[in-house]
Amino acid sequence: MKDDTLVEFKDPNENNLAEELTKTDLIIIGKDLVKNYEIGDFIVKAVDGVSLNVKFGEFIVIKGPSGAGKTSLLNLLGGLDSPNSGIIYNQGVKISDMDQESLTLFRLMNSGFIFQNYNLISTLTAEENVMFPMNLSGMKLEEQRNRAVKLLKEMRLGDRREHLPFQLSAGEQQRVAIARALSNDPPVILADEPTANLDKKSSQFIRDLFNELKNGEKTIIVVTHDDDLIALADKVILFDQGNIIEQERDLN
Ligand SMILES: Nc1ncnc2c1ncn2[C@@H]1O[C@H](COP(=O)(O)OP(=O)(O)O)[C@@H](O)[C@H]1O
Ligand SMILES: [Mg+2]
């Protein structure tokens, strides 16, 4: 991994970032972020010059209409994608210009992603899906399995370990996905409309989990329209047309 850390950051002309980097309560610093998608001659400005800081332990909700660029922004903050321009520091590491390989390694240990459609690997069992990130991080097989079993039990899926994704309900699949997101114990959890496809009872379970995570050490960024999930947030960001329109609440 490229060792481009806080300590090495010395360019004060880089949009006054130097000052922000001295604020030790910030876990993520995003500055002037731009994400464009080029389709033929057409350019979609999904994220159009966004600056956003996230504090350690903060629970942030991003909401806004479909197509606003919420998913694109979330992916940048967690290192699932790189910006066309702008700077992202995540835990003191500059991830905005990392190559794909370094970014994958960074993400593996630091960002737990939860998706609207779960994104489980269809040919792996629930347990194997949870083991997968631990496997990639080089954990011993026995330790992987023990931790997967523990996490699945916490998700009340102890009796579903050998099930393949298609043998699980939507709510169960999302709980497997959450166990997978937590497997390497990442400090940041990023969730993209995690309850959008779930029934009331499953959504409530997921919300309770987020509430527990919030009371732990995790920093949480959730894209959602779920009012009960929004109620947990320290800060609600309204996003539209690639930009932050409004911060609706900041309890800090
Ligand atoms: N991989 C992609 N290739 C091309 N266009 C994309 C891609 N991902 C998203 N977009 C476009 O970028 C815009 C923002 O998308 P997205 O970030 O998914 O918004 P949201 O999550 O708020 O619905 C949309 O117009 C979408 O069509
Ligand atoms: Mg989206």
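Residues numbered from 1 in each chain as written. Chains lettered and ligands numbered in written order. Predicted model: local features only at pLDDT ≥ 70, side-chain atom pairs only at ≥ 80, totals over all residues. Heavy atoms only, no water.

### Looking at the overall build of the protein chain
Next up, step 1: Each helix and strand in the protein chain was counted, giving 8 helices and 10 strands.
Next up, step 2: Seen along its three principal axes, the alpha-carbon backbone of the protein chain occupies a region of about 55 × 45 × 40 Å.
Next up, step 3: Expressed as a percentage of the 252 residues in the protein chain, the buried residues total 50%.
Next up, step 4: Contacts in the protein chain between residues at least 24 apart in sequence constitute 66% of all its contacts with a sequence separation of at least 6.
Next up, step 5: Considering the protein chain, the positive charge centre built from 28 side chains and the negative charge centre built from 40 side chains are found 5 Å apart. (Helix = DSSP H or I, 4+ residues; strand = E, 2+ residues; numbered from the N terminus. Buried < 20%, exposed > 50% of the residue type's maximum accessible area, 1.4 Å probe, protein only. Contact = heavy atoms within 4.5 Å. Lys, Arg positive; Asp, Glu negative; His and termini not counted. Charge placed at Lys NZ, Arg CZ, Asp CG, Glu CD.)

### Describing helix α2 (residues 70-78)
Next up, step 1: Of all 9 residues in α2, 8 are buried, a share of seventy percent or more.
Next up, step 2: Along α2, the residues that are buried comprise K70, S72, L73, L74, N75, L76, L77 and G78.
Next up, step 3: The first or second residue beyond α2 is G79, which carries a positive phi of 85 degrees.

### Observations concerning the pattern of salt bridges
Next up, step 1: Under the counting rule described, the total for this entry stands at 11 salt bridges.
Next up, step 2: Close ionic contact of R161 with E127 constitutes a salt bridge, the shortest N to O distance being 2.7 Å. Remark: E127 occurs in helix α4 (residues 126-136) and R161 occurs in the loop between α5 (141-154) and α6 (170-182); sequence separation between them is 34 residues.
Next up, step 3: Its salt-bridge partner being R160, residue D159 comes within 3.2 Å of it at the nearest N-O pair.
Next up, step 4: For D159, a relative accessible area of 55% puts it in the exposed group.
Next up, step 5: For R160, a relative accessible area of 25% translates into the label partly exposed.
Next up, step 6: The network of salt bridges with shared partners includes E127, R145 and R161. (Salt bridge = Lys/Arg side-chain N within 4 Å of Asp/Glu carboxyl O.)

### What about the packing of α4 against α5?
Next up, step 1: At a minimum axis distance of 9 Å, the contact between α4 and α5 shows a crossing angle of 130 degrees. Taken together, the axes of α4 and α5 are oblique relative to one another. Considering how the two elements wind past one another, α4 and α5 form a crossing that is right-handed. Side by side, α4 and α5 meet where A126, E127, V130, M131, M134 and N135 of the first sit next to L141, Q144, R145, R147, A148, V149, L151 and L152 of the second.
Next up, step 2: A per-class count over the contact of α4 with α5 returns 9 nonpolar, 2 polar and 3 charged. (Axes fitted to C-alpha atoms, helices over the stretch in contact; angles between N-to-C directions. Parallel < 35°, antiparallel > 145°, perpendicular 65-115°, else oblique. Left-handed = near helix turned anticlockwise from the far one by under 90°. Nonpolar A, V, L, I, M, F, W, Y, C, P; charged D, E, K, R; others polar.)

### Side note on the environment of K218
Next up, step 1: Locating K218 in the fold gives a position in the loop between α7 (200-215) and β8 (219-223).
Next up, step 2: The spacing of K218 and P187 is 31 residues in sequence and 5.2 Å in space, taken between C-alpha atoms.
Next up, step 3: In this structure K218 touches G57, E58, L182, D185, P186, P187, I189 and L213, once residues within four positions along its chain are discounted.
Next up, step 4: There is a polar contact of 2.5 Å between the side chain of K218 and the side chain of D185.
Next up, step 5: In this structure the side chain of K218 is engaged in a polar contact, spanning 2.7 Å, whose partner is the backbone oxygen of P186. (Polar contact = N/O pair within 3.5 Å; in protein donor to acceptor, adjacent residues only side chain to side chain.)

### A closer look at the site of ligand 1
Next up, step 1: Looking at ligand 1, the residues that line it are Y37, I39, V44, A46, P65, S66, G67, A68, G69, K70, T71 and S72.
Next up, step 2: Between ligand 1 and A68 there is a distance of 3.1 Å, counted from an oxygen atom to a backbone nitrogen or oxygen.
Next up, step 3: Calculation on ligand 1 without its partners gives an accessible area of 550 Å², and the protein chains cover 61% of this total.
Next up, step 4: Of all elements in the fold, only β1 (26-39), β2 (42-55) and α2 reach the threshold of two or more residues within the shell around ligand 1.
Next up, step 5: Ranked by the residues each element gives to the shell around ligand 1, the list is headed by α2, at 3 residues.
Next up, step 6: Class assignment of the residues belonging to the shell around ligand 1 gives a composition of 6 nonpolar, 5 polar and 1 charged. (Near = heavy atom within 4 Å. Areas by Shrake-Rupley, 256 points an atom, 1.4 Å probe, with all protein chains shown as cover.)

### Comments concerning the side chain of S82
Next up, step 1: Residue placement: S82 occurs in the loop between α2 and β4 (85-90).
Next up, step 2: With near-sequence residues (within four places) excluded, S82 lies in contact with K35, L76, S96, M98, Q100 and L103.

### A closer look at the sheet that holds β4
Next up, step 1: Taken in spatial order, the 4 strands of this open sheet run β2-β1-β4-β5, and their pairing is antiparallel. Because the sheet does not close on itself, it has two edges, and the strands there are β2 and β5 (93-94).
Next up, step 2: Pairing of β1 with β2 involves 11 bridges; the strand directions are antiparallel. By the bridge assignment for β2, V34 is matched with D48.
Next up, step 3: Most of the contacts of α2 go to β2, to which it runs at about 55 degrees, and overall it touches β1, β2 and β4. (Pairing = 2+ DSSP bridges.)

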